[in-house]
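Residue-level listing of the chains:
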Amino acid sequence: MVINVQPQNSTFSKSPILYMVTDTDVTRVTAIADIYLWRGDIGSKPAEKSYRLKKSISNVAGSNPSSAIFNVGRLVDDLLTQPDPTEYDLGVFSPSSTEVIWCSVNFGYITDAGVIVENDAVSESVLCIGGYGEFQQGVNQEMPDILTSVKDHKISSDNKLIVAIANTSDKSGVTLRYTSDSGNQQFFNITSNKDLSTDNVLHFDMSPSLFVGTYNESYRFDLLTNSSGVIDTVNISVSNLCKYESLSVGYVNRFGVWDFIPFNGKSVLNTKSTTSDYQNSDLGLNINVSTNPFTLDYDTSRPQYKRFNGEFKRERVLNTDYVTEDLYLGLEEMMISERCYLWEYGSPMNPKDTSLTRKTGLNDKLIQYSVSFTEAFNVQNQIL
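All values derive from a computational prediction rather than experimental measurement.

Cut-offs and rules
Numbering of residues starts from 1 in every chain and runs along the sequence as written. Per-residue local features are limited, in this predicted model, to residues with pLDDT of at least 70; the limit for side-chain atom pairs, both in listing and counting, is 80 or more; totals at the level of whole chains, interfaces and linings are taken over all residues. The basis for every side-chain value is the complete set of heavy atoms in the structure, and neither hydrogens nor water enter the calculation. Secondary structure is summarised from DSSP: a helix means a run of H or I of at least four residues, a strand means a run of E of at least two, and numbering begins at the N terminus for each. The contact definition used throughout considers only heavy atoms, calling two residues in contact when any of these lie within 4.5 Å. Pairing between two strands requires that DSSP report at least two bridges joining them. Here the axes come from fitting lines to C-alpha atoms, over the contacting stretch only for helices, and the angles between their N-to-C directions go from 0 to 180 degrees. Buried residues are those whose accessible area, probed at 1.4 Å on protein chains only, stays under 20% of the maximum for their type, while exposed residues exceed 50% and partly exposed ones sit between those limits.

**A short note on the environment of Tyr-278**
Here is step 1: Relative to the helices and strands, Tyr-278 is located in strand β21 (residues 268-279).
Here is step 2: Measuring from C-alpha to C-alpha, the distance between Tyr-278 and Arg-307 comes to 6.7 Å, with 29 residues separating the pair along the chain.
Here is step 3: Ignoring anything within four residues of it in the chain, the contact list for Tyr-278 reads Gln-304, Tyr-305, Lys-306 and Phe-308.

**Focus: the sheet that holds strand β14 (residues 175-180)**
Here is step 1: The sheet built from five strands is open, its strands ordered β12-β18-β17-β14-β15 with mixed pairing. In this open sheet, the two strands that pair with only one neighbour each are β12 (152-156) and β15 (185-189). Mean inter-strand twist for the sheet, computed between neighbouring axes without regard to direction, equals 20 degrees.
Here is step 2: Relative to strand β18 (residues 230-239), strand β17 (residues 218-224) runs antiparallel, the two being bridged by seven bridges.

**A short note on the environment of Pro-303**
Here is step 1: Relative to the elements of secondary structure, Pro-303 occurs in the loop between β23 (295-297) and β24 (305-319).
Here is step 2: Each C-alpha atom of the pair Pro-303 and Gly-284 lies 9.7 Å from the other, and the pair is 19 residues apart in sequence.

**What about the pairing of strand β4 (residues 28-38)?**
Here is step 1: A large share of β4 lies buried, amounting to 10 of its 11 residues.
Here is step 2: Pairing analysis gives 10 bridges linking β4 to strand β9 (residues 100-111), with the strands arranged antiparallel. Opposite Ile-35, over in β9, you have Val-105 as the bridge partner.
Here is step 3: As judged from the six bridges shared by β4 and strand β5 (residues 51-56), these two strands associate in the antiparallel manner. Along β5, the bridge assignment pairs Thr-30 with Ser-56.

This is the structure in C-alpha cells:
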C-alpha cells in the first residue's frame, strides 16, 4: 500500500485534508485509515487512535492500481478552537495561544477473505491549523512563513501592526530583518523549534514605534534563511500621526491566526435600539376624594403604551486612510471571518456589510474603504 498524496509539513483544517492510497493487490477490497490527533510535541503521538475510517478500494478504469481517498479535514477542525484575543501575548517577538493539532494516519486494509491488516503504511505527522486554502492552489496547502495575505501596508506612525509567523520544524534558525529606507537594519532571531508545544505561532510587532533608528517614510521586514536568502517580505509605508482616532480591527484570517487592519479615517458610532410595547390597562387610576361626589382620575403623566424588553446594540462605521490595493485581500478575509475584534475598545464585532467592491489605483486613484460593524453583544447585560 502506497500513500500517493498527503500534506508534507502543515495544512489547513477548514479545507479538505486529503490522503490517497493505492494498492496493486486486488484481494484488498477495503482500505482502513486510523486517524491520530494530538496537541503538544510532534513526538507525542498517542497510542490510541482518535478515529477509524473505512472505504472500499475502487479500481481505476477497471484495472490496477486500486485507490481510496480519505478526507480528514472535518475531523481535525472539530477539535480546533478559535484563538482567543485576550490570551495573546503580542510583544516584540512572542508566542501566541493559537491552537494547532498534529495529525498522522496509519493505513491498513481488509482482504476479500475478511482478514484485517493494520498499520501497513504510516503517513508523516503534519501540523494542522484552523484556516483554509485557496481553491485555485489545490488541496493540502502548506502554511506560508508569514501568515498574512497583506504584504504591503500603509499605516500611520501611531498604529500598531502585528504579524504572525509560522514556527514549524523546517523554520528553526531563521532571522527577521528590519531595514529602513535610510539603510538602518535590525535583526531578530527565531530560536530553535520547540515542536510547537510552547511556541505555536510566533507574533512579531512591526509597529513603527518599535523601530530603533531613523526612517523617513518606509521600512521593510524580511524573513531570512540561515544563508540570508529572503523567504518572504512585508513592506510598510508610514505617514504622519493620524488626525482621527487610530483604530485597529483584528480578525482571524484564512491562515487561522489574528491579523490586523488599521482604520485611521473618520469613525462613527451609532446605537440601535429595539423594544416591545403594550397598552397599559392601569394608567394610575385613583379616586379623587377632593370632589363631591368622588370622581375617578387618571395619572396623565403615565404612558398609555408601556415599553418593555428594551435592547440596544452599538454599530460602528469605520473608514480606512488612503491604502494600497493589497489591503483588499485582508478585507475579503475579514468579511467572512468568524472572529473580529476592535482592539482599542476590547470589543468583539461582526461585519455588517455583505458586499465589498475592490478598488484600484487606475479606477479610483486614491483608495479608501468604509466598513460597517455591529458589536457582537448587547450592551445591556441579559446573560443568565
